[in-house]
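Single-letter residue listing:
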Amino acid sequence: MENGRHGDGGEIPENANEHCPGTESESAGKSDACKGCPNQEVCASAPKGPDPDLVAIAERMATVKHKILILSGKGGVGKSTFSAQLSFALAGLDHQVGLLDIDICGPSIPKMLGLEGQDIHQSNVGWSPIYVESNLGVMSIGFMLPHPDEAVIWRGPRKNGLIKKFLKDVDWGELDYLIVDAPPGTSDEHISIVQFLQATGIDGAIVVTTPQEVSLVDVRKEINFCKKVGIRVLGVVENMSGLRQPFMDLKFVTSTEGDATEWAMKYIKEKAPELLSLVACSEVFDSSKGGATRMCLDMGVPFLGKVPLDPQLCRASEEGSSCFSDEQKCRASASALRRIIEKLLSIIRNDSASV
């Protein structure tokens, strides 16, 4: 069946007859207008009416104040790192936070929150999230795999079914924020999460990118996806926006790759000790075309800010810890993330005030 326009009775396939009643109409496949239509048999046998699971999802989500999707056009841009650190930050501000990982084939959230090896428990009120802190609960297919290296080889319907269960069967309780970490791209998972949550109210999406054009090309598609399905873009985050590293943490090598760190540091301490308090900066990715800042201006969406490529943030993600627990060590990334989160919360507060 080919996708097409919408009518009062639901979607109307492009190859449908002229007076098609719509695929969700009670008369779908049965009316006189359906005679001879190539979709007649499918429409007649398909279930009609609203999905009853959407009612269950709406009941679960009634106790969630804000729902934010974290998206990216391309993999490897640090989207899950941002989702994890955003969740840590919100919990650190005494908000009740849930983090839902719907990256079915590549669930990295359990590792990034230090929860590897944890199992989901079920009670009479549903599945219980795994808690990092009393106010930060997490749900991911990663908790359901017999081994962390197990491949998930599922087609769309099975992925969609699990996402639906995460929304209707998990006992999230009362949340201030539900952060949804989605896989890269615009695939089944994205369509499903929008379809399942849209009636309950989605605050919007944050799109994560890196500065170079090869990433921005796909981010533009992600933003257009949001516009087509009616999801507001709360803003774009440019991640890995230049390397920032304290001079003292640098390593030095010779032209033949020999380690010269000890010699170099001794020399600098003797000849130019003032350098030791500096932070070394380097542009890792090409941003000559303006990066995410220019793209946001062109597409009319907010720019939330830049997060540098900080080895300490990478280490925190590997260890499953918050970069905010030692802001002196992660000062380059933690301060940038705080500014972005303050900007995000300001947007959400202004929206709430205008309702």
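Owing to the predicted nature of the structure, the values given are computational and were not obtained by experimental measurement.

What follows is about the overall build of the protein. Summing up its helical and strand segments, the protein has 11 helices and 14 strands in all. For the protein, the spread of C-alpha atoms along the principal axes amounts to about 90 × 50 × 45 Å. The contacts of the protein with a sequence gap of at least 6 include a subset with a gap of at least 24, amounting to 71%. If you sum the accessible surface of the protein, you get close to 18000 Å²; carbon and sulfur atoms cover 51% of it. The positive charge centre, built from 36 side chains, and the negative charge centre, built from 48, are 4 Å apart in the protein.

Under the UniProt annotation, the feature "binding site: ATP" (unreviewed entry) is placed at Gly73, Lys74, Gly75, Gly76, Val77, Gly78, Lys79 and Ser80. Of the annotated residues named above, the ones that line the second largest cavity are Gly78. Counting through the fold element by element, Gly78 comes out in the loop between strand 3 (64-72) and helix 3 (79-92). Not counting chain neighbours up to four residues away, the residues in contact with Gly78 comprise Val208, Asn239 and Met240. Positionally, Lys79 belongs in helix 3. Non-local contacts of Lys79, meaning those with residues more than four positions away in its chain, are made with Ile70, Leu71, Ser72, Asp181, Ala182, Pro183, Pro184 and Val208.

Buried within helix 8 (residues 261-271) are the following residues: Thr261, Ala264, Met265 and Ile268. Seen end-on, helix 8 carries its buried residues on one side only, within an arc spanning 95°. Of the residues in helix 8, the exposed ones pointing more than 90 degrees away from the buried face are Glu262, Trp263, Lys266, Glu270 and Lys271.

Another point: the sheet that holds strand 7 (residues 130-133). Taken in spatial order, the 8 strands line up as 7-8-4-9-3-10-11-14 in an open sheet, and their pairing is mixed. In the strand order of this sheet, the two ends are held by strand 7 and strand 14 (303-306), each with one partner. Across the sheet, the mean angle from the axis of one strand to that of its neighbour is 20°, orientation sign disregarded. One ladder, built from 5 bridges, connects strand 3 with strand 10 (residues 204-209); its direction is parallel.

In total, this model carries 3 aromatic pairs according to the counting rule given. On the numbers, 6.1 Å between centres and 65° between planes, the contact of Trp127 with Phe166 is edge-to-face. Note that Trp127 is positioned in strand 6 (residues 126-128) and Phe166 in helix 5 (residues 156-168), a separation of 39 residues in sequence. For the residue pair Trp127 and Phe166, the accessibility class agrees, reading buried in each case. When the ring of Phe247 is compared with that of Phe252, the centres are 6.2 Å apart and the planes differ by 55°; the resulting orientation is tilted. Residue class for Phe247 comes out buried when judged on its relative accessible area of 14%. By relative accessible area, Phe252 is classed as partly exposed at 23%.

Turning next to the UniProt feature "binding site: [4Fe-4S] cluster" (unreviewed entry) in the protein. According to UniProt, the "binding site: [4Fe-4S] cluster" (unreviewed entry) feature falls on Cys20, Cys34, Cys37 and Cys43. Sequence-wise these annotated residues cover 24 residues; spatially they are packed, their C-alpha atoms never more than 10.6 Å apart. Of the annotated set named above, Cys20, Cys34, Cys37 and Cys43 line the largest cavity. Within the fold, Cys20 resides in the loop between strand 2 (10-12) and helix 1 (40-45). When its relative accessible area of 18% is taken as the criterion, Cys20 is described as buried. Excluding its chain neighbours within four sequence positions, the residues that come into contact with Cys20 are Ile12 and Pro13. Structurally, Cys37 can be placed in the loop between strand 2 and helix 1. Note on Cys37: relative accessible area 13%, which makes it buried. Beyond its immediate sequence surroundings of up to four residues, Cys37 is in contact with Asn15, Ala16 and Asn17.

About the thresholds
All residue numbers refer to positions counted from 1 along the written sequence of the respective chain. The predicted nature of this model means local features are confined to residues of pLDDT at least 70 and side-chain atom pairs, given and counted, to a pLDDT of 80 or more, with totals for whole chains, interfaces and linings taken over all residues. As a rule here, side-chain values come from all non-hydrogen atoms in the structure, and water together with hydrogens is ignored. A run of DSSP states H or I qualifies as a helix once it reaches four residues; a run of E qualifies as a strand once it reaches two. Both are numbered from the N-terminal end. Residue contacts follow a heavy-atom distance rule, with two residues in contact if any of their heavy atoms lie within 4.5 Å. Each accessible area is a Shrake-Rupley estimate made with a 1.4 Å probe; only the visible protein chains count as cover when residues are assessed. The charge count includes Lys and Arg as positive and Asp and Glu as negative, but it does not include His or the ends of the chains. Just so you know, the charge point we use is NZ for Lys, CZ for Arg, CG for Asp and CD for Glu. UniProt positions are given in the numbering used here, feature names are shortened, and annotations may be inferred rather than shown by experiment. Using a grid of 1 Å spacing that covers the protein atoms alone, one calls a set of points a cavity when a 1.4 Å probe fits there but cannot get out, and a pocket when the set is open and has protein on both sides within 12 Å along at least five of seven lines; lining residues are those with an atom within 4 Å of a point. Relative accessibility under 20% of the residue-type maximum defines a buried residue, over 50% an exposed one, and the middle range a partly exposed one, all with a 1.4 Å probe and only protein chains included. This arc is taken over the directions from the axis of the helix to the C-beta atoms. Only when DSSP finds a minimum of two bridges between them are two strands counted as paired. Where helices are involved, their axes are fitted lines through C-alpha atoms of the stretch in contact, as for all axes, and angles between N-to-C directions lie from 0 to 180°. In this scheme Phe, Tyr and Trp rings, the latter by its six-membered ring, pair at centre separations within 6.5 Å, and the angle between planes marks the pair as stacked below 30 degrees, edge-to-face above 60, and tilted otherwise.

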